[in-house]
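# Tertiary structure, described
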Amino acid sequence: MREQADVVETEFGRRISEMSDALQKMTHNNRETLKAIADNENKIDMLRASIRAKEAPLKVSQTRLNDRRARPGIESCHDPTQD
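Residues numbered from 1 in each chain as written. Predicted model: local features only at pLDDT ≥ 70, side-chain atom pairs only at ≥ 80, totals over all residues. Heavy atoms only, no water.

### A word on the overall build of the chain
Just so we agree on the cut-off: Numbering goes from the N terminus for both helices and strands, where a helix is a DSSP run of H or I of at least four residues and a strand is a run of E of at least two. Burial here depends on accessible area, computed with a 1.4 Å probe over protein chains only, as a share of the maximum for the residue type. Under 20% is buried, over 50% is exposed, and the range in between is partly exposed.
On a plain count of helices and strands, the chain comes out with 1 helix and 0 strands. Going through the 83 residues of the chain one by one, you find that 1% of them count as buried.

### A look at the pattern of salt bridges
It is possible for side chains bearing opposite charge to pair when their charged atoms get close. Inclusion rule: In the sections that follow, a salt bridge refers to a side-chain nitrogen of Lys or Arg positioned within 4 Å of a carboxyl oxygen of Asp or Glu.
Inspection of every chain in the model, using the stated rule, returns 5 salt bridges. Among the salt bridges present, the one from Asp6 reaches Arg2, with a minimum N-O distance of 3.2 Å. Of this pair, Asp6 and Arg2 both sit in helix H1 (residues 2-69), 4 residues apart, which is roughly one turn of that helix. Here Asp6 falls in the partly exposed class, since its relative accessible area comes to 35%.

### Examining H1
Spelled out, the test is: How far a helix is expected to stretch is found by multiplying one less than its residue total by 1.5 Å. Two axes enter the definition of the bend at a residue: one is fitted to the seven residues ending there, the other to the seven starting there, and the bend is the angle between them.
Here H1 spans 97 Å end to end across 68 residues, near enough to the 100 Å set by a 1.5 Å rise per residue. Along its length, H1 reaches its greatest deviation from straightness, about 30°, at Glu55, and the proline Pro57 lies no more than four positions downstream.

### Focus: a nonpolar patch on the surface
Condition: Here the term patch refers to residues with relative accessible area over 30% and no salt bridge, with like charges joined within 9 Å and nonpolar side chains (Val, Leu, Ile, Met, Phe, Trp, Tyr) within 5 Å. Residue-level accessible areas treat just the shown protein chains as cover; the underlying method is Shrake-Rupley with a 1.4 Å probe.
On the surface, a nonpolar cluster with roughly 320 Å² of combined accessible area is contributed by Val8, Phe12 and Ile16. In this structure, Phe12 sits in helix H1.

Spelled out as structure tokens, the structure:
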């Protein structure tokens, strides 16, 4: 009976050790995943800010091209800038 109890305790100890190792690995993977998500969110925010910074110059150039196309009293010119 004592031998069986010792075997069970040994196996329990081994299983507890395996479970704690698995928990540590999963915790580490969770931290790494959350860090990667945060990094990607920061990159997305930077890209959105970069796009917003380029919107104003783009609007100016589009307005100038549209004004060039619709010049009253002057025939429309087709040059590389307009095309």
